[in-house]
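# A structural walkthrough
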Amino acid sequence: MLTDYHVHLRPDEPGETAGSAFTAANAERYREVAAERGIEELGVAEHVYRFSAALDVWQHPLWQEFATDDLDAYCEFVREETDLKLGIEADFVPGREDRMRGLLEARDWDYVVGSIHFVAEGALDYDVYDVWNSGRSADHVWRTYFTWLGELAATGMYDVLAHPDLVKHWGKERPWPEKDLRFYYDLAMEQIADSGIAVEVSTAGLRKPVGEIYPSSGFLEMVIDAGNPIALSSDAHTTDQLGFRYDEAVKFLSDHGVDELAVFDRRERRLEPIG
Ligand SMILES: [Zn+2]
Ligand SMILES: [Zn+2]
């Protein structure tokens with residue numbers, strides 16, 4: 001089985017409306033392209049900050065700009081008008097865990113994908129609020145990112161840890177730490193291991209300046225040693241990106257001895273052989 005769970009029907013551009021993305025015909029288009037690419041397990045995980053309910057959790061200016069959609073209408077659309085799994089990509093915002101937990105627990109997901117896109121107010125993968133304009137060192141940003149990643153896992157609020165080393169998004173276009181990267185991974189690893197969270201292997205990084213899969217080989221080795229299950233996704237925002245460069249991801253997984261993927265149904269997890 002192949003999965004693609006971290007998928008967005010709604011493009012990131014602010015002008016796009018939910019009305020054009022959340023239609024049965026659009027969902028069917030995604031389903032057809034995924035089927036052509038051998039992906040049977042398909043689900044959507046829209047960004048929580050596209051929904052007005054997210055403003056009860058955090059009021060970052062980017063969220064204020066984007067939070068226009070109705071969260072319950074999205075859930076109802078996916079359940080009633082599509083055969084896709086229902087997920088959400090929810091940020092971990094330190095200090096706001098209880099508010100995010102309330103938002104998540106009030107709805108009936110197949111899975112919740114947990115992400116960190118910001119360190120403090122600075123974005124890791126969006127240059128408008130670029131974290132690297134803050135004058136903080138690479139060591140500080142990477143330390144904070146991986147410390148929070150462990151905290152994300154420890155909340156127990158998330159089923160899948162998304163794009164685990166997103167902090168590398170810009171590659172060498174931004175400051176890069178001098179230490180061996182395993183130093184930073186170690187800051188998260190104990191909590192990741194204890195939580196048992198599924199760790200996402202995402203081909204999105206291949207489309208980004210860094211040009212490599214999230215996470216790195218070193219990070220993946222550590223989570224495999226810890227015994228965490230692996231989830232596979234493309235983070236597609238268009239049908240072209242469904243199963244994006246999965247041949248490379250499947251080889252990457254088999255090179256690391258991974259032969260099963262996490263599959264979710266109403267927040268119950270099982271493992272299925274890759275293929
Ligand atoms: Zn993300
Ligand atoms: Zn995403």
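Here goes a summary of the coordinates provided. (Residues numbered from 1 in each chain as written. Chains lettered and ligands numbered in written order. Predicted model: local features only at pLDDT ≥ 70, side-chain atom pairs only at ≥ 80, totals over all residues. Heavy atoms only, no water.)

### Thoughts on the overall build of the protein
Spelled out, the test is: Secondary structure is summarised from DSSP: a helix means a run of H or I of at least four residues, a strand means a run of E of at least two, and numbering begins at the N terminus for each. Only the C-alpha atoms count toward the radius of gyration. The rule for a globule is 2.2 Å times the residue count to the power 0.38. Burial classes: relative accessible area under 20% of the type maximum marks a residue as buried, over 50% as exposed, and values in between as partly exposed (1.4 Å probe, protein chains only). We call two residues in contact whenever any of their non-hydrogen atoms come within 4.5 Å of each other. Neither His nor the chain ends contribute to the count of charged residues, in which Lys and Arg are positive and Asp and Glu negative. For the purpose of locating charges, the reference atoms are NZ of Lys, CZ of Arg, CG of Asp and CD of Glu.
Counting its regular elements, the protein contains nine helices and eleven strands. Its C-alpha radius of gyration of 17 Å places the protein within 12% of the 19 Å reference for a compact globule of 275 residues. Referenced to the eigenvectors of the C-alpha coordinate spread, the extents of the protein come out at roughly 50 × 40 × 30 Å. By the burial criterion, 56% of the 275 residues in the protein qualify as buried. Long-range contacts, defined here as pairs at least 24 residues apart, represent 75% of the contacts in the protein between residues at least 6 apart. Mean positive and mean negative side-chain charge positions of the protein (26 and 54 charges, respectively) differ by 2 Å.

### Here's the deal with the pairing of strand β9 (residues 230-233)
Threshold: Whether two strands pair depends on DSSP finding at least two bridges between them. Looking down the strands as they point away from you, a crossover is right-handed if its path from the first strand over the helix to the second goes clockwise.
By the alternation rule, side chains of β9 split into Ile 230 and Leu 232 and Ala 231 and Ser 233, which are all buried. Relative to β9, strand β8 (residues 198-202) runs parallel, the two being bridged by four bridges. For Ser 202, the partnering residue across the bridge sits in β9 and is Ser 233. What joins β8 to β9 is helix α8 (residues 217-226), and the crossover it makes is right-handed.

### Side note on the coordination of the zinc ion (ligand 1)
Just so we agree on the cut-off: Distances up to 2.8 Å from the metal define which N, O and S atoms are donors, and 3.2 Å serves for Na, K and Ca; water is absent from the atom set, so sites may look incomplete.
Protein-derived ligands of the zinc ion (ligand 1) are Glu 89 (OE), His 117 (NE2) and His 163 (NE2), with the metal-ligand distances lying across 2.1 to 2.2 Å. Counting gaps between the donor residues of the zinc ion (ligand 1) yields the pattern E-x27-H-x45-H. If you look at the zinc ion (ligand 1) and the zinc ion (ligand 2), they sit 3.5 Å from each other and are both ligated by Glu 89. Here the residue Glu 89 occupies a position in strand β3 (residues 85-91), and His 117 occupies one in the loop between β4 (111-115) and β5 (118-119), the gap between them amounting to 28 residues. Given a relative accessible area of 0%, Glu 89 falls into the buried group.

### Side note on the layout of surface pockets
What counts is decided by this rule: Here a cavity means grid points, on a 1 Å grid over the protein atoms only, where a 1.4 Å probe fits yet cannot get out; a pocket means an open set of points with protein on both sides within 12 Å along at least five of seven lines; lining residues are those with an atom within 4 Å of a point. Grid points are joined across faces, edges and corners, and a volume is the space filled by probe spheres set on the points. Note on residue categories: nonpolar means Ala, Val, Leu, Ile, Met, Phe, Trp, Tyr, Cys or Pro, charged means Asp, Glu, Lys or Arg, and polar means any other residue, Gly included.
Within this model, the largest pocket holds a volume of roughly 510 Å³. Here the lining of the largest pocket is built from residues that sort into eleven nonpolar, seven polar and seven charged. Reported here for the second largest pocket is a volume of approximately 170 Å³. Forming the walls of the second largest pocket are Ile 224, Gly 227, Asn 228, Pro 229, Ile 230, Gly 257, Val 258, Asp 259, Glu 260 and Leu 271. Split into classes, the residues belonging to the lining of the second largest pocket amount to five nonpolar, three polar and two charged.

### Describing the environment of Arg 143
Secondary-structure assignment places Arg 143 in helix α6 (residues 138-155). Not counting residues within four places of it along the chain, the set of residues in contact with Arg 143 comprises Lys 179, Phe 183, Tyr 184 and Leu 187.

### Observations concerning the coordination of the zinc ion (ligand 2)
Heads up, the condition is: Under this scheme a four-donor centre is tetrahedral when all angles range from 85 to 135 degrees, a four-donor centre is square planar and a six-donor centre octahedral when opposite donors are above 155 degrees with the rest from 65 to 115, and any other centre is irregular.
On the protein side, the zinc ion (ligand 2) has His 6 (NE2), His 8 (NE2), Glu 89 (OE) and Asp 235 (OD) as donor atoms, found 2.1 to 2.3 Å from it. One can describe the site at the zinc ion (ligand 2) as irregular: its four donor atoms subtend angles covering 82 to 165° at the metal. Along the chain, the residues that donate to the zinc ion (ligand 2) are spaced as H-x1-H-x80-E-x145-D. The exposure class of His 8 is buried, given its relative accessible area of 0%.

### Some remarks on the packing of aromatic side chains
Worth spelling out the cut-off: Stacked, tilted and edge-to-face pairs are distinguished by plane angle, under 30 degrees for stacked and over 60 for edge-to-face with tilted covering the rest, among Phe, Tyr and Trp rings (Trp via its six-membered ring) whose centres lie within 6.5 Å.
With the rule as written, the count across this model stands at 19 aromatic pairs. Ring geometry for Tyr 5 against Tyr 111: centres 4.6 Å apart, planes inclined by 40°, an arrangement best described as tilted. Here Tyr 5, found in the loop between β1 (3-4) and α1 (18-21), pairs with Tyr 111, found in strand β4; they are 106 residues apart in sequence, far enough to count as distant. Among the residues examined, Tyr 111 registers a relative accessible area of 0% and is labelled buried.

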